[in-house]
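Observations on the three-dimensional arrangement
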Amino acid sequence: MDKATALGLYRKMVEIRRFEEKLYHLFSTRDMPGSMHQYNGEEAVAVGVCAHLSPADYITSTHRGHGHCIAKGADIRAVMAEMFAKSTGCCRGMGGSMHIADFSVGMLGANGIVAAGIPIAGGAGLTCQVQGKGHVSVAFFGDGAANEGAFHEAVNLAAVWRLPVVFVCENNVYGFSTHYRRTMLLENIADRAAAYGIPGVVVDGMDLRIVHAAAGEAVRRARDGEGPTLLECKTYRFMGHSRFEPSSYRTKKELEEWKKRDPIALFRSALLAEAGVPEAEIVQVERTVDEVIEESVRFAEQSPDPAPGDWRRWIFAGEDA
Amino acid sequence: MELRTIVLALRQALVEEMDRDSSVILLGEDIAVFGGAYRVTEGLLARYGESRVRDTPISEAGIVGAGVGAAMTGLRPVVEIQFNDFLACAMDQICNQAAKMRFMMGGQVKVPLVIRAPVGATGRAAQHSQSLEAWFMHTPGLKVVFPCTPYDAKGLLASAIRDDNPVMFFEHKLLYGGSSPGGKAKTAVDGLGEAFRAAPEGEYLVPLGVADIKRAGRDVTIVATGLTLHKSLSAADILAREGIEAEVIDPRTLVPLDRETILASVRRTGRLVVASEDQLTCGVASEIAAIVAEEALWYLDAPIRRVSVPDTPIPFAPGLEHAVLPQTQTIVEAVRSTMAGPAGRAPGGGTP
C-alpha cells in the first residue's frame, strides 16, 4: 500500500469517526429526529473492504450503516442532511439513519431489517454476473444477522450460482444486548462457509491492513468468477447498540480492552512508525476532516425541510411530482 | 396463432418481452429444466439459456431478495413463486424491501420486479389454496395484477414487466388451461364462455389500472376477479333469464384500481355485489365495497353485498371446499337479495 493510498484510507476512517462523534454531540444537545446506530470502533471493516471497490460496484448495509455509506464514497453533506431529515439529504428526508443510501456510488442502502440486505446484495451480484462487466457486490452484516434465514438462503444461492459477491460479517460481539456466543455454538461465524462450499476467512477487524489484505483477495475471487467468500471481521462497537443505549450487558473493562485496539489509533501508529508518514501530514488530514464535518452540519442546518406533500412523491416510479 | 389458454398467453408474453429486452430474466423453483409447476416457462431454458432462466434452491426469501437486488441494479427479473401461499416465506423482501425501497431512498432507485404466483383453491387444502391479493393491496409500493383471460394475461404481463415498480402478478390455477407433463389436465377451462378471450401473438399491452366491463347490464354491478369473474358471468346468465341484467366488471388490476369504472357503473345500476376468492375480512371485496360506500352511497338502492370466503382456512374435503368458496349460485343469491331491497323496489333504479 503506497503512502497516498494509506493516507486516503486513514482519512476515510477518520471521516466516519468524526461523523459519528459529531452526531452523538448533536443528539446530546439538540432535538434530532429519530434514532441512530453508530459505527465507532468498526471503521477498519468498511474502509478496508470498500478500498477495493469502485462506484460501479455495489454494497448493501445494515441498520449501522453510516460507516459503509461514507466508506463507499457518499457525499458527507448529503448523509448529514439526511440525519437532519432535510430535503437535501441523500434520501431527501424519507429514510433517515436506518435507510441511508447513495445509489450514485453503488451504496444500495442501510436496512432496518436484520439480514435483509444480504439477499439484495446477492441480487446485485446477479446483475453483475449477467451483465459481465466485472463488477462485484458486497453484503455487510452483523453477527446477529448470521442467524437469520435470509443469510442462509442468500449465501447458499450465491454459492450455487458462483455470484461475484463478498459476504462481510462484522462480528461486533453483541446482537443488541446478546453476546453472540449465547446465540450460536460456533466461535467463528466464517466456519459456516463450509456448509455452503465456499471459503470462510476470519480476520482481525480492528487492523485495517489485515482487513484490506483479506478483502482484496475476496474481491479478486469475485471479480475473477471464482464465486463468493464469507469474510468474518472480528470487531467491536464502542458505542451502545442505539442512541444512548447504556450497554449494561457488558463490562467497562471489556470495552476498555477493545479500545486499546482502536482501529484508527492502530493505523495511525502504523502510518507513523512503519510507513514513515510525517505526523504533520496526518494532523493535516484530521483537520481537513474536521472542517468537512463542520461544513456538513452547516449545510444540513441551512437546508429546507421536505415539502408537506413530499410523502406522495416516491411511492411509485413514474408518478414523481 | 391464437393462444387459447392462460399458460400459453403468459409464456408468449415472456418470450416477446425477453426477445425485446435482454435485461428480462426468470428466477424460480423448477422453472428451467422442468418448465414450471404449471408449465408457464416450458421451453424457455432452451431458448434463452441458463444465465437468463434460472432454477433456484427452495428459498423464497432468497429468490425474491435476489430479484429485488437485481431489479435495483438494472435487470428486470420475473420471479415465479410456485404457489402464492409460499409468498409468506418472502414477505420481508416483498413488503419491507421491494415495496419501500424507492420511497425510503427518496426516489433514487426503481425496482422493476415482477413476482408471479398461482392462487386459488384446487383440492390441496389450506396451505396451497389461498388467494392472497389483499395482503399486497395493503402494502403501498406494490402493484397487484390479476388477469382472468388469455388476452388480459398476455397484455398485462407485458405491461407488468415494463413497469418500473414491483408488481405482484396473480394467476388462478383453474384458469391456466395447461396440462402436466404426464398429460393429465391440471385445469379445466372448457366451461368458460366467450369472455375467456384468446390472445393474439405479437405485441400489445393491457395497461395497469384499467378495468374491463366483461358484460354490460343495467340492473346491478358485479365486480369480481379471477375464477370468480367467470362464475359471476355464469351467474349473470342465470339472472338474465329472470329479467335481471347484471353488469360484470373485471378490475384486472387491484393496484392501481380503476375506481372510476366501478363507481360509474354503480351510479347507473344502484346495486353492487363484489365477489372474490379471498377471505371476507379486510379482503378485496371489503376495499371495493368501502370505496363505493364512501363515493357513491347515495346512488345505492340496496346494501352492498360481499361474496367471499368466510374467515376460515380452506378445508381439504371437496364438499367443504366447495361450500366455502364463492360459487355461481351464491353470487346469484347475493344479487337477488340486492334486487329485493328494503322497500321491494323494482330493478332499474339508481337515481340519487
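When its secondary structure is counted, chain B shows twelve helices and 14 strands. Whereas a compact globule of 352 residues would reach a radius of gyration of roughly 20 Å, chain B reaches 20 Å, a difference of no more than 12%. In terms of principal-axis extent, the alpha carbons of chain B reach across some 65 × 50 × 40 Å. A burial count over chain B gives 63% of its 352 residues as buried. Of the contacts formed within chain B by residues at least 6 apart in sequence, a portion of 80% connects residues at least 24 apart. Carbon together with sulfur atoms contributes 54% to the accessible area of chain B, which is approximately 12500 Å² in total. Counting 34 positive and 41 negative side-chain charges, chain B places the centres of these two groups 2 Å from one another.

Let us now look at the domain arrangement of chain B. Residues and elements named next belong to chain B. Its domain assignment divides chain B into domain 1 (2-200) and domain 2 (212-340). Computed over C-alpha atoms, the centres of domain 1 and domain 2 are 25 Å apart. Listed by partner, the interface residues are 28 residues for domain 1 and 25 residues for domain 2. Each partner contributes to the roughly 2200 Å² buried at the junction of domain 1 and domain 2, and carbon and sulfur atoms together form 66% of this total.

Residue and element names in this part refer to chain A. Looking at the element boundaries, Thr229 is found in strand S7 (residues 229-234). Polar contacts involving the side chain of Thr229 include one to the side chain of Arg221, which spans 3.0 Å. Once residues lying within four places of it in the same chain are set aside, the contact partners of Thr229 are Val165, Val166, Phe167, Ile198, Pro199, Val201, Ala218 and Arg221.

Turning next to the nonpolar core. Counting residues in each nonpolar core, the largest one holds 219 residues, and the members touching the most others are B:Ile94 and B:Phe136. The biggest single contributor to this core is helix H1 (residues 3-29) of chain A, with eleven residues. Mapping this core onto the domain boundaries places at least three of its residues in each of domain 1 (2-200) and domain 2 (212-340) of chain B. Once residues within four sequence positions are removed from consideration, B:Ile94 is found in contact with B:Val64, B:Leu87, B:Ala99, B:Ile115, B:Phe136, B:Leu142 and B:Met168.

What follows deals with the interface of chain A and chain B. Taken together, the contacts link 37 residues of chain A with 41 residues of chain B. Summed over both partners, the interface of chain A with chain B buries about 3200 Å², with 64% contributed by carbon and sulfur atoms. At the boundary of chain A with chain B, the tally comes to zero salt bridges. Inspection of the region where chain A meets chain B yields 15 residue pairs in polar contact (both at pLDDT 80 or more). When contributions to the side of chain A that touches chain B are tallied by element, the ones reaching two or more residues are helix H5 (117-131) and helix H6 (149-160) of chain A. Counting residues per element, the side of chain A that touches chain B draws most heavily on H5(A), which supplies nine residues. Classifying every residue of the side of chain A that touches chain B by side-chain character gives 24 nonpolar, nine polar and four charged.

Residues and elements named next belong to chain A. Strand order in the open sheet made by the five strands is S1-S2-S3-S7-S6, with parallel pairing throughout. Each edge of the open sheet is held by one strand with a lone partner, namely strand S1 (58-60) and strand S6 (200-204). Across the sheet, the mean angle from the axis of one strand to that of its neighbour is 20°, orientation sign disregarded. Inspection of the sheet shows strand S3 (residues 165-171) paired to S7 by six bridges, in the parallel sense. By the bridge assignment, Asn171 is partnered in S7 with Lys234. Strand contacts of helix H2 (residues 43-50): S1, strand S2 (137-142), S3 and S7, with the helix running at about 170° to S2, the strand carrying the most contacts. Running at roughly 170° to S2, H5 makes contact with S1, S2 and S3 of the sheet.

The next point concerns the packing of helix H9 (residues 259-269) of chain B against helix H10 (residues 284-296) of chain B. Residues and elements named next belong to chain B. Taken N-terminus to C-terminus, the directions of H9 and H10 make an angle of 60°; their axes are 10 Å apart at the nearest point. As the angle between them shows, H9 and H10 are arranged oblique. Considering the relative orientation of H9 and H10, their crossing is right-handed. The segment H9 lies against H10, with Arg259, Ile262, Leu263, Val266 and Arg267 engaging Ile288, Ile291, Val292, Glu295 and Ala296. Split into classes, the residues belonging to the contact of H9 with H10 amount to seven nonpolar, no polar and three charged.

Residues and elements named next belong to chain B. Here the largest pocket is characterised by a volume of approximately 620 Å³. Taken together, 27 residues line the largest pocket, and the ones lying closest to its centre are Ala134, Phe136, Met137, His138 and Glu287. At the level of secondary structure, the elements contributing two or more residues to the lining of the largest pocket comprise helix H6 (133-137), strand S12 (253-255), strand S13 (272-279) and H10. If one sorts the elements of the lining of the largest pocket by residue count, H6 sits on top with four residues. Here the lining of the largest pocket is composed, by residue class, of 15 nonpolar, nine polar and three charged.

The subject of this paragraph is the packing of aromatic side chains. For the coordinates displayed, the defined rule picks out 13 aromatic pairs over all chains. Considering the side-chain rings of A:Tyr174 and A:Tyr236, the 6.4 Å spacing of their centres and the 75° angle between planes classify their relative orientation as edge-to-face. With A:Tyr174 in strand S4 (residues 174-175) and A:Tyr236 in the loop between S7 and helix H9 (252-259), this pair connects stretches of sequence that are 62 residues apart. Grouping residues by exposure puts A:Tyr174 and A:Tyr236 together as buried. Through a chain of ring-to-ring contacts, three or more aromatic side chains come together here, namely A:Tyr174, A:Tyr236, A:Tyr249 and A:Trp258. Positioned above the aromatic ring of A:Phe316, the side-chain terminus of B:Lys143 is 5.4 Å from the ring centre. A cation over a ring is seen here: B:Arg197 above B:Tyr151, with NZ or CZ 3.6 Å from the ring centre.

With that settled, consider the side chain of B:Ser59. Residue placement: B:Ser59 occurs in the loop between strand S3 (53-55) and helix H3 (60-72). Here B:Ser59 falls in the buried class, since its relative accessible area comes to 5%.

What follows is about empty space enclosed by the protein. A probe as big as a water molecule, rolled over the atoms, marks out the empty space that is left. Per the counting criterion, the structure on display carries three cavities of 30 Å³ or more. Computed from the structure, the largest cavity encloses a volume of approximately 40 Å³. B:Val119, B:Ser131, B:Glu133, B:Phe146, B:His172, B:Thr225, B:Gly226, B:Leu227, B:Thr228, B:Ser276 and B:Glu277 are the residues that line the largest cavity. Those elements giving two or more residues to the lining of the largest cavity turn out to be helix H8 (226-241) and S13 of chain B. In terms of residues, the lining of the largest cavity owes the most to one element, H8(B), which gives three residues. Grouping the amino acids of the lining of the largest cavity by side-chain chemistry returns three nonpolar, six polar and two charged. When residues of the lining of the largest cavity are sorted by domain, at least three fall in each of domain 1 (2-200) and domain 2 (212-340) of chain B. Looking at the second largest cavity, its volume works out to about 40 Å³. Around the second largest cavity, the lining residues are A:Thr60, A:Leu108, A:Gly109, A:Ala110, A:Asn111, A:Gly117, A:Ile120 and B:Met101. Grouping the constituent residues of the lining of the second largest cavity by class yields four nonpolar, four polar and no charged.

The rules behind these values
- Residues numbered from 1 in each chain as written.
- Chains lettered and ligands numbered in written order.
- Predicted model: local features only at pLDDT ≥ 70, side-chain atom pairs only at ≥ 80, totals over all residues.
- Heavy atoms only, no water.
- Helix = DSSP H or I, 4+ residues; strand = E, 2+ residues; numbered from the N terminus.
- Rg over C-alpha atoms; globule rule 2.2 N^0.38 Å.
- Buried < 20%, exposed > 50% of the residue type's maximum accessible area, 1.4 Å probe, protein only.
- Contact = heavy atoms within 4.5 Å.
- Areas by Shrake-Rupley, 256 points an atom, 1.4 Å probe, with all protein chains shown as cover.
- Lys, Arg positive; Asp, Glu negative; His and termini not counted.
- Charge placed at Lys NZ, Arg CZ, Asp CG, Glu CD.
- Domains from an automatic or database assignment.
- Buried area = accessible area lost by both parts, 1.4 Å probe.
- Polar contact = N/O pair within 3.5 Å; in protein donor to acceptor, adjacent residues only side chain to side chain.
- Core = buried A, V, L, I, M, F, W, Y, C linked by side-chain atoms within 4.5 Å.
- Salt bridge = Lys/Arg side-chain N within 4 Å of Asp/Glu carboxyl O.
- Nonpolar A, V, L, I, M, F, W, Y, C, P; charged D, E, K, R; others polar.
- Pairing = 2+ DSSP bridges.
- Axes fitted to C-alpha atoms, helices over the stretch in contact; angles between N-to-C directions.
- Parallel < 35°, antiparallel > 145°, perpendicular 65-115°, else oblique.
- Left-handed = near helix turned anticlockwise from the far one by under 90°.
- 1 Å grid on protein atoms, 1.4 Å probe; cavity = no way out; pocket = protein on both sides within 12 Å on 5 of 7 lines; lining within 4 Å.
- Points joined across faces, edges and corners; volume = space filled by probe spheres on them.
- Phe/Tyr/Trp six-rings, centres within 6.5 Å; stacked < 30°, edge-to-face > 60°.
- Lys NZ or Arg CZ within 6 Å of the ring centre and 35° of its normal.

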